[in-house]
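Close look at the chain arrangement
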Amino acid sequence: MILRRQNSLTARLTLLFAVVSSGVLLILGLVIAELVERHFEDMDVELLEGKLQLVQHAVLSARAEGNFDGLPEQLQAALVGHHGLAVGVWGADGKQLFLSDGADFPKNNLPPRLGGLLPKTWRGLGEQHYRGISGQAPTGVDGEPPAVVLLSTSLTHHDHFMQSFRLAMWALVAIAALLTGFLGWLAARRGLAPLRNITHRASDITANSLDQRIEAGEIPIELAEVVNTLNDMLGRLKESFDRLSDFSSDIAHELRTPVSNLLTQTQVMLSRERSIDDYQDVLASNAEELERLSRTIADMLFLAKADNQLLVPTQEAVDLKVEISSLLEFYEPLIEEKKLQLAFHGHTEVRGDRLMLRRAVGNLLSNGIRHTPEHGLIKIVLESGEDQVCVRIENSGETIPSEHLPRLFDRFYRVDPSRHRSGEGSGLGLAITKSIAMAHRGAVSVKSADGRTTFSLCLPIGSY
Amino acid sequence: MRILVVEDEPKTGDYLKQGLAEAGFMVDLARDGLDGLHLALTEAYDLAVLDVMLPGIEGWQVLQGIRKAGKEMPVLFLTARDSVDDRVKGLELGADDYLVKPFAFSELLARVRTLLRRGSKTREADVLRAADLELDLMRRRVTRDGKKIDLTSKEFSLLELLLRRQGEVLPRSLIASQVWDMNFDSDTNVIEVAIRRLRAKVDDSFELKLIHTVRGMGYVLEAAE
C-alpha cells in the first residue's frame, strides 16, 4: 500500500529511529535467548550423563552383589535430592529392573530395546516437558548383555525461565522502541528547528517587507544553501516588485499630469465665452496632448505584451546595414539640424522581426540624437562575432553617472528628473528596445565614460 | 461618395458620422451589426467602416455577409484590441485595412481616402501642380514660379505625397509610413523638422504659402488661403 500522505520529516525520522533500535534489540535478544537455551541444554546433558555414570556404577555393583535386587535401594539413595530426575533400568530381556517415582518416559519406547533411542525432548502425560538420554549399563558378567538405562530431567523450570526471559525481552524491545522513537522525535525536532525557524521567518515576509532577509548565521551549513537561494530569490523579487510599483506610480504620474492639464484647460475655456480662435487654439493643443497620451498608452500596451510573452517576433533575414541606413535617412532632418557628424561602419545580417528590430534600433538612434549636443558625433558600428551580432551606437555628450546606467532601460526612467516631459520622448523608448531585444533572446547594454555614451544591442546569430 | 459606418459606441459613431460628413462624404450610421449588414446589402456604398465588437452580430460576421453577397466595396475595420490574430482574421475575411482604437481622426480620413482612390483607377499624372509649384515625376524636377528647387530624394517624396493629396490633412504617422516606410510612432519631432526644411525651400521665398500646419492633426498642402 502506498501512502499518499504528505511526508513529515519528523515522523519519518522518528519511525526510522524506532525501527532501527527495536530491530537491533530484537536481534540481540534472539541471540541471547538462543545462547541461554543452548547453555541449559548443555547443562542438562551434562547432568544426565553424570547420572548415567552413577546408574552404570550402581548396576555393576548390584549385579555383583546378586541379581539386581539391591539396585532400587542403591539408586534411590543415589538420586535423593535430584528433583525432576527420573531413571528407568531394564534388563536386556526387557524386564523392568527399576523405575523411579514420577518417571514419565514416552510409552511407545517402553520397554526400551537395546540401542533404541529416546527423542531428545518430549512431552509427558501431564504435558510436562522432559529431556532425556538413553544408555547401557554393563552388568560385569561375561556374556550377559548390558542393561538399558533411560534418564530424564524435567525442563519445566527452564521453560519457565525462558518464557519470562522472552516476555521481558519483548517488553524491553517495545519500551526501547517507544523510547528511541521519542528520543528520535526529540532529536529530529531539535535538528529541524532551524528549518522551522526559516519557515517562520519566510512566512512573515510580505510584499511590504521584501527587504527582510533570513539570517544565515545560525543556520546549519546543510541549510545555508537553501537560505542563500531564498534570500537571492527575495532580492530578485524585491527588485521586480520595486520596478513594478515604480512603474505603476510612474504610469499614474505620466497620465495624471496631461489629463489634469487637459481638464483644467478645457474647463477654463468653458468658463466664459471666447473667440473662435481661442477655441481652436485650445482644441489643437488638446489634440496634441491627447495624441501624446495615446502614444504613451500604445507604448505601455506594447511593453505589457512583451511582459506577458505575447511578443512573437517573425523570423526573416534582416540586413541591419539596410535597416540602419533607412533609419538614418528618416532621422536625417534631425541630424542635419543639429549639424551632427555621423560615422557608420560594418554590415551584418541577423534573423528576426524586421519591423521590431527597426523600431528597437530606431529608438536607440533617436535617443542618441536627442542627447548629443550640436556639432556632436554619432558613431554607429555593426559588429559580428561568433555567436552574436551587435549594433553599437556611440554619441558624444555628457557622461552619464554610473549609478544611472543600470536603470536607463527602465520604464519612464530619467537621469534628470527635472527634465521630465521636456523632451518629446515618452520615456518608454529604451524600455521598448530592451523588450524587443529580449523577445529576440538578445540583450541591451550601455556604458558611459569620458563624454561618450555607447548603447549596444546584441542579438544571437541564427534562430533564437 | 457614400460611406457606411457600423459602430455601437454612441460618441464614436456620432463623431465618425460628423467628421466624415464634413469631409464631404454621405454617411449612414448603423448602431448594431444586424442593421449594418441590412444596410450594406440593400444600399449601395463606396466604402464601409466596421467596428469589430458589435452587439447582435460581430463585425466579422457583417464583413462575411457583405463578401458572401458579392459586394466588393472596400472595408476598413476598427478594433480596440491590437492583436495580430485580429488583424490577420480581418484581412483574411476580406477587409482592406484596419485601425486600432484609439486612432486619430485624420488618420482614419487619410486611410478612407486611400481606399477610395484605390477603387477608382485614374491615370496618375506625370506632373503634379499646385498654384505655381510644379513637380515633374519623370524628370524628378521641382520648380516654383519657373525657378528650379533642389530637393533631396526624401524631400521630393514628401512633396510628392503632399501634392498628390493636396487639400487633405496628412497626419505625421501617415507621412512617416508613406515617405520613409517607418511604421512605428517615432518619439521625435522628425516629421516637423522635415516639413520645416521642405517649407524653407518651397515656401519661404514666396508670398503664397502652400504647406500649412493644422495644429493637432498634421500637415496639408493647399493653394488657397
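Residues numbered from 1 in each chain as written. Chains lettered and ligands numbered in written order. Predicted model: local features only at pLDDT ≥ 70, side-chain atom pairs only at ≥ 80, totals over all residues. Heavy atoms only, no water.

All names here are of chain A. Of all 11 residues in helix α8 (residues 429–439), 8 are buried; the element is thus mostly enclosed. Considered for burial, the residues of α8 that qualify are G429, L430, A431, I432, T433, S435, I436 and A437. Of the residues flanking the end of α8, it is R441, one or two places downstream, whose phi is positive at about 60°. (Buried < 20%, exposed > 50% of the residue type's maximum accessible area, 1.4 Å probe, protein only. Helix = DSSP H or I, 4+ residues; strand = E, 2+ residues; numbered from the N terminus.)

Attention now moves to the interface of chain A and chain B. Counting residues at the interface gives 30 residues for chain A, matched by 24 residues for chain B. With both chains or domains summed, chain A and chain B bury close to 2500 Å², and 54% of this area falls on carbon and sulfur atoms. Run the count over chain A and chain B and you get 6 salt bridges. As a salt-bridge pair, D181 of chain B and R358 of chain A come within 3.7 Å of each other at their nearest N and O atoms. The interface formed by chain A and chain B includes 6 residue pairs in polar contact (both at pLDDT 80 or more). (Contact = heavy atoms within 4.5 Å. Buried area = accessible area lost by both parts, 1.4 Å probe. Salt bridge = Lys/Arg side-chain N within 4 Å of Asp/Glu carboxyl O. Polar contact = N/O pair within 3.5 Å; in protein donor to acceptor, adjacent residues only side chain to side chain.)

The next point concerns the pattern of salt bridges. Residue and element names in this part refer to chain A. According to the stated counting rule, one finds 36 salt bridges over all chains in the structure shown. A salt bridge links E41 to R131, with the shortest nitrogen-to-oxygen separation between them at 4.0 Å. Highlighted residues: E41 in helix α1 (residues 9–65) and R131 in strand β4 (residues 129–137), separated in sequence by 90 residues. A salt bridge links R292 to E289; the nearest nitrogen and oxygen atoms lie 2.9 Å apart.

With that settled, consider the packing of aromatic side chains. Residue and element names in this part refer to chain A. In the structure shown here, the tally under the stated rule is 9 aromatic pairs over all chains. Between F330 and Y331, the aromatic rings sit 5.1 Å apart at their centres with planes inclined by 50°, giving tilted as the arrangement. According to the relative accessible area criterion, F330 is buried, its value standing at 1%. The buried category is assigned to Y331, whose relative accessible area is 0%. Grouped by ring-pair contacts, the aromatic residues F40, F161 and F165 constitute a single cluster. It is R359 that lies over the ring of F302; its NZ or CZ is 4.4 Å from the centre. (Phe/Tyr/Trp six-rings, centres within 6.5 Å; stacked < 30°, edge-to-face > 60°. Lys NZ or Arg CZ within 6 Å of the ring centre and 35° of its normal.)

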